[in-house]
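Commentary on secondary and tertiary structure
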Amino acid sequence: MLNTSVMRPAGKTYRLNLTTAASATLLIEDTTNDQTNLVSLLNTGTGVAAVEFANASGAIVSPTVASTGTAGSFIFPAAMTYPMLIAAPPAPFYIKAKSTGTNALFITPVEVG
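An account of the accompanying structure is given in this report. (Residues numbered from 1 in each chain as written. Predicted model: local features only at pLDDT ≥ 70, side-chain atom pairs only at ≥ 80, totals over all residues. Heavy atoms only, no water.)

1. Side note on the overall build of the protein chain
In terms of helices and strands, the protein chain carries zero helices and nine strands. Counting from the amino terminus, the protein chain carries its helices and strands in the arrangement β-β-β-β-β-β-β-β-β. The 113 residues of the protein chain split such that 40% are buried. Total accessible area on the protein chain stands at roughly 6300 Å², and carbon and sulfur atoms take up 55% of it. In the protein chain, 5 positive and 5 negative side-chain charges are present, and the distance between their average locations comes to 12 Å. (Helix = DSSP H or I, 4+ residues; strand = E, 2+ residues; numbered from the N terminus. Buried < 20%, exposed > 50% of the residue type's maximum accessible area, 1.4 Å probe, protein only. Areas by Shrake-Rupley, 256 points an atom, 1.4 Å probe, with all protein chains shown as cover. Lys, Arg positive; Asp, Glu negative; His and termini not counted. Charge placed at Lys NZ, Arg CZ, Asp CG, Glu CD.)

2. Some words on unusual backbone geometry
Omega for the peptide link from alanine 91 to proline 92 comes to 5°, which places this bond in the cis form. In this structure, proline 92 sits in the loop between β7 (84–87) and β8 (93–99). A positive phi angle, close to 50°, is found at alanine 79, a residue other than glycine. Along the polypeptide, alanine 79 turns up in the loop between β6 (74–76) and β7.

3. Examining the nonpolar core
Core analysis: the largest hydrophobic core is formed by 19 residues, its most contacted members being Val39, Leu41, Phe53, Ile95, Leu105 and Ile107. When contributions to this core are tallied by element, the ones reaching two or more residues are β2 (14–18), β4 (38–43), β5 (49–54), β8 and β9 (103–112). (Core = buried A, V, L, I, M, F, W, Y, C linked by side-chain atoms within 4.5 Å.)

4. Brief notes about the pattern of salt bridges
Scanning all chains against the criterion turns up one salt bridge. Taking the shortest distance from any N to any O, the salt bridge between glutamate 111 and arginine 8 comes out at 3.0 Å. Note that glutamate 111 is positioned in strand β9 and arginine 8 in strand β1 (residues 7–9), a separation of 103 residues in sequence. Given a relative accessible area of 35%, arginine 8 falls into the partly exposed group. (Salt bridge = Lys/Arg side-chain N within 4 Å of Asp/Glu carboxyl O.)

5. Section: the pairing of β2
Residues in a regular strand project their side chains so that they alternate between the two faces of the sheet. Every second residue of β2 is oriented toward a common face, the buried set being Tyr14, Leu16 and Leu18 and the non-buried set Arg15 and Asn17. Where β2 meets β9, five bridges bridge the pair, whose relative direction is antiparallel. Within β9, the position partnered with leucine 18 by the bridge is asparagine 103. (Pairing = 2+ DSSP bridges.)

6. Observations concerning the side chain of threonine 108
As for its placement among the helices and strands, threonine 108 is situated in strand β9. Judged by its relative accessible area of 10%, threonine 108 falls in the buried class. There is a polar contact of 2.7 Å between the side chain of threonine 108 and the side chain of threonine 13. Those residues in contact with threonine 108 that sit more than four places away from it in its chain are Pro9, Gly11, Lys12, Thr13, Leu38, Val39 and Ser40. (Polar contact = N/O pair within 3.5 Å; in protein donor to acceptor, adjacent residues only side chain to side chain. Contact = heavy atoms within 4.5 Å.)

Shown next as structure tokens:
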């Protein structure tokens, strides 16, 4: 018998309009009784998107795009055609992002069941 895990949306999809300045902190909430710790992100704009997560709004740092020899935030390429799933703090969590261009970033909490 195969062991199969199903990934499915666990809440509303949020949109952040990004520029080169950091966005406001956005609360991401799930709509299930299950604990979610994955998030789907889709960057549809012309620049890369830098993203940071935290469990509390006061704990979130400003996102940075890495430069040579320095660490940065989670980076998502420009003009994505499919979302990427990455680990995130258990929902509800906070997200902040910025871009090297003008972008729309779509964020959806995801559960595995």
